[in-house]
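# Structural description and commentary
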2 protein chains.
Amino acid sequence: MTTIDILKKARAAWPALQSANTELKNAALCAMADQLIACRADILAANALDLDAAKGRISDVMLDRLRLTPERIAGMADGIREVAALSDPVGAVISRVERPNGLVIERTRVAMGVIAIIYESRPNVTSDAAALALKAGSACVLRGGKEAFRSADAIVRALQKGLEAVGLPAELVQLVQDTTRQSANDLMTAMGLVDLLIPRGGAGLIRAVTENAKVPCIQTGTGICHVYVDVAADQAMALDIIENAKTSRPSVCNAEEVLLVHGAVADAFLPKLKARLVDGRAAKGLTPVELRLDARAARIIDGTPAGDRDFDTEFLDYILAVGVVDSADQAIAHIAAHSTGHSEAVISEDPAVLDAFARSVDSAAVYLNCSTRFTDGGEFGLGCEMGISTQKLHARGPMGLEELTTYKYVVRGHGQVR
Amino acid sequence: MTTIDILKKARAAWPALQSANTELKNAALCAMADQLIACRADILAANALDLDAAKGRISDVMLDRLRLTPERIAGMADGIREVAALSDPVGAVISRVERPNGLVIERTRVAMGVIAIIYESRPNVTSDAAALALKAGSACVLRGGKEAFRSADAIVRALQKGLEAVGLPAELVQLVQDTTRQSANDLMTAMGLVDLLIPRGGAGLIRAVTENAKVPCIQTGTGICHVYVDVAADQAMALDIIENAKTSRPSVCNAEEVLLVHGAVADAFLPKLKARLVDGRAAKGLTPVELRLDARAARIIDGTPAGDRDFDTEFLDYILAVGVVDSADQAIAHIAAHSTGHSEAVISEDPAVLDAFARSVDSAAVYLNCSTRFTDGGEFGLGCEMGISTQKLHARGPMGLEELTTYKYVVRGHGQVR
């Protein structure tokens, strides 16, 4: 089936979901979770074929991400049940006004319609994304990476059995069958068939979508996150936050990539930074962080001289660009010029600096005296998330269920004319 | 100055507005209104040149839209003062959670940054759009129609004097100097320089933006609005609403273009419709409505046979496409297939039909027993508006000040790590 045919089937199936109540949607999600478990053998067999085909062609890290086990499938089923337990965003009245002419105008949260998601090779994204879209009231068309195609296909077949078990159309969750670039392009340009396109992946995918998409889309993910250590910082707190932001999980988008230090404390702070991130970690048998230093930092501690691109790179690795600035304003200006608008932190005990940073830094999440690693749907109390938006339109930061919906105005009258 | 240079200057000027409080923004707006009046002679002189150049090249209706008078300039100044009187959306805390780890997470309404607006030849849009963008905390780059260039340029110079009078940079409101297609294209593709692009104009402009824009944008305007007269309609109410929706101002996007009538009442209702919209109006010396009838309607009353495109056309004229359907569900399905997602109305006394219509019709505004003509920022109680969004992402329906803002998360901690 062509990608366009799949989208048309999703759109045709959507009204059944649009008129489903919360109980039916939750029953569908629970049935989908049950079917994931029931179809475990099929899913593992498909995954084994994916793994065989991928061996030697992708890195061990990627192979591990691709691998499914009975435990991981159970985790995916639990993830779906968690979405069922979240409250339903659809149907809520966001605001209500009664006008002098007697019209009652309700701004009501409603489903998007058809949500398309382009993602890479982690099979669990298939069930996570489908569950979130379904709970948000939308049909879902998934386009995964080709290395995981057989796994994703088996997962989607199981999810479809769950939908059918409660009387909903299987076409509410579909996998694009074409894994070439053409299908991604088809999704990006299917005006009138895709209400929202979400790319989840690396900078290349995000750029391709920004350049080519004609349907509404939300950019996710890329994070060049900054931490600024102010002259008035609690330096012990700063070291804890920086080590956490840089090393607790360097491969994720909310990890720190750039450290800016106020010039008046750089002489005191940078040697402690090196002791903690480089020598201290090595002594403990942990991966030391490679420090890429601007000219001023390099006069204070040893490290790699920073190259042209080091303050504009999402390393996703044990690498940290380090620069010295003369003021909080200079740090804010540096962030404005180099950030991807994801997450930035300031460490300071000076309320004026904290206020200026909170007001002026134009990113999805601004942290005062805490780690950038908290930018996450779970940590924000949203339950699950579909990704982290780095754009300003519609959704910013972690996208939970509400961010996957839209609204419409329902206006009740008794013959009013204008 | 090139369009890109203008955008860069707007972005450089924005931080001064980002840190301005409500009082300063309102003072700027009042000074802008005062300067419009003070510069009236310059504006009228520029407008006279525009009118001379346009005479014979555009229709009389367009010429009238282009014409400024002292009264119209006073009206523009009043419009700016009305925006000053609206409450400031920026800085509001939309939601606040305190997490178990002690983090306080505030979702805070903030300005977009740089808003670009592409519009056509009405000079008053220049001041309206600038005032709304400024109050919403954003710098504003305007690209008007070439027929109104001298007028818009004089208006922008006056507005800039107002900004400077309160110490804000003039570059917060700028007019694109290039009136060729190139400048529109520059705005659509200036990634990183435009936070939001709003096209205000006809279907051709909207389509060009949808096809070509790489920056975030909101589609406005096109409205193929439907009214459905149910079997359980109060037919007298239906006639009042249809006459209002079709004829009170046929050239606007919230005017009715298509009427659907339930087959069980078509024999009774359509002759009354013709008597009211055609013969009755002619007898009163009002413009009669041309009815374009589908095959079933044409068996009941006289009129023009509907052509292939008549149920997919925004007439913006005294023309109404009329079709007969067999049920509310069929009306809902017709609307799903032919609507532009703007405004649709149902006339019925049956609560089940009203509920089904409200739930299933996927448009920005759904009207139960009232006219589609109410889709308007003022009528919805939003104060002024920047246009009517027909997309689902970010803003839907009338866009007031809130819809011109975004939000960010400000997270306060005391050393928390993850």
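Reading guide: rules and limits
Residues numbered from 1 in each chain as written. Chains lettered and ligands numbered in written order. Predicted model: local features only at pLDDT ≥ 70, side-chain atom pairs only at ≥ 80, totals over all residues. Helix = DSSP H or I, 4+ residues; strand = E, 2+ residues; numbered from the N terminus. Rg over C-alpha atoms; globule rule 2.2 N^0.38 Å. Buried ≥ 20, exposed ≤ 12 C-beta atoms within 10 Å, placed from the backbone. Least-squares fit on C-alpha atoms with pLDDT ≥ 70 in both. Contact = placed C-beta atoms within 7 Å. Pairing = 2+ DSSP bridges. Domains from an automatic or database assignment. Nonpolar A, V, L, I, M, F, W, Y, C, P; charged D, E, K, R; others polar. Axes fitted to C-alpha atoms, helices over the stretch in contact; angles between N-to-C directions. Parallel < 35°, antiparallel > 145°, perpendicular 65-115°, else oblique. Left-handed = near helix turned anticlockwise from the far one by under 90°.

Below, the discussion takes up the overall build of chain A. Within chain A one finds 14 helices and 16 strands. On C-alpha atoms alone, chain A measures out to a radius of gyration of 24 Å, which is about the 22 Å that the 2.2 N^0.38 rule sets for 418 residues. Principal-axis analysis of the C-alpha atoms gives chain A an extent of 70 × 70 × 35 Å. When burial is assessed residue by residue, chain A has 54% of its 418 residues classed as buried.

In the superposition of chain B on chain A (RMSD 0.1 Å, axial shift 0.0 Å), the rotation amounts to 180°. As the rotation angle and translation indicate, the two copies are arranged about a two-fold axis. For chain B, the smallest separation between a C-alpha atom and the rotation axis is recorded for His394 of chain B, amounting to 1.9 Å. A share of 100% of interface residues in chain B that are also interface residues in chain A marks the association as one of identical surfaces.

Right, let's talk about the interface of chain B and chain A for a bit. Between chain B and chain A, the contact holds 58 residues from the first and 58 residues from the second. For the side of chain B that touches chain A, the secondary-structure elements that each account for two or more residues are helix H1 (3-18), helix H9 (203-212), helix H10 (235-247), helix H14 (351-360), strand E13 (365-370) and strand E16 (405-416) of chain B. Bridge analysis of strand E13 (residues 365-370) of chain A against E16 of chain B gives five bridges, and the strand direction is parallel. The residue bridging Ala365 of chain A from the neighbouring strand is Tyr409 of chain B, located in E16 of chain B.

This part covers the environment of Gly413 of chain B. By secondary structure assignment, the location of Gly413 of chain B is in strand E16. The spacing of Gly413 of chain B and Asn101 of chain B is 312 residues in sequence and 9.0 Å in space, taken between C-alpha atoms. Discounting chain neighbours no more than four positions away, the residues touching Gly413 of chain B are Tyr367, Leu368, Asn369 and Cys370 of chain A together with Gly102 and Leu103 of chain B.

Residue and element names in this part refer to chain A. Split into domains, chain A comes out as domain 1 (3-220 + 386-412) and domain 2 (225-374). Between domain 1 and domain 2, the residue contacts involve six residues of the former and seven residues of the latter. Class assignment of the residues belonging to the side of domain 1 that touches domain 2 gives a composition of two nonpolar, three polar and one charged.

With that settled, consider the sheet that holds strand E4 (residues 139-143) of chain A. Residues and elements named next belong to chain A. One open sheet accounts for four strands, arranged E5-E4-E3-E6; its pairing is parallel. The sheet is open, and its two borders are formed by strand E5 (173-175) and strand E6 (196-199), each paired with just one other strand. Strand-to-strand twist in this sheet, taken as the mean axis angle between neighbours without regard to direction, amounts to 20°. Pairing between E4 and E5: three bridges, direction parallel. In the strand pairing of E5, Val141 is matched with Gln174.

Attention now moves to the packing of H10 of chain B against helix H11 (residues 263-283) of chain B. Residue and element names in this part refer to chain B. Their axes nearest at 10 Å, the elements H10 and H11 cross at an angle of 45°. Here H10 is positioned oblique relative to H11, judged by the angle of their axes. Classified by chirality, the crossing of H11 by H10 is right-handed. Here Gln235, Leu239, Ile242, Glu243 and Lys246 of H10 lie close against H11, whose contacting residues are Phe269, Lys272, Leu273, Arg276 and Leu277.

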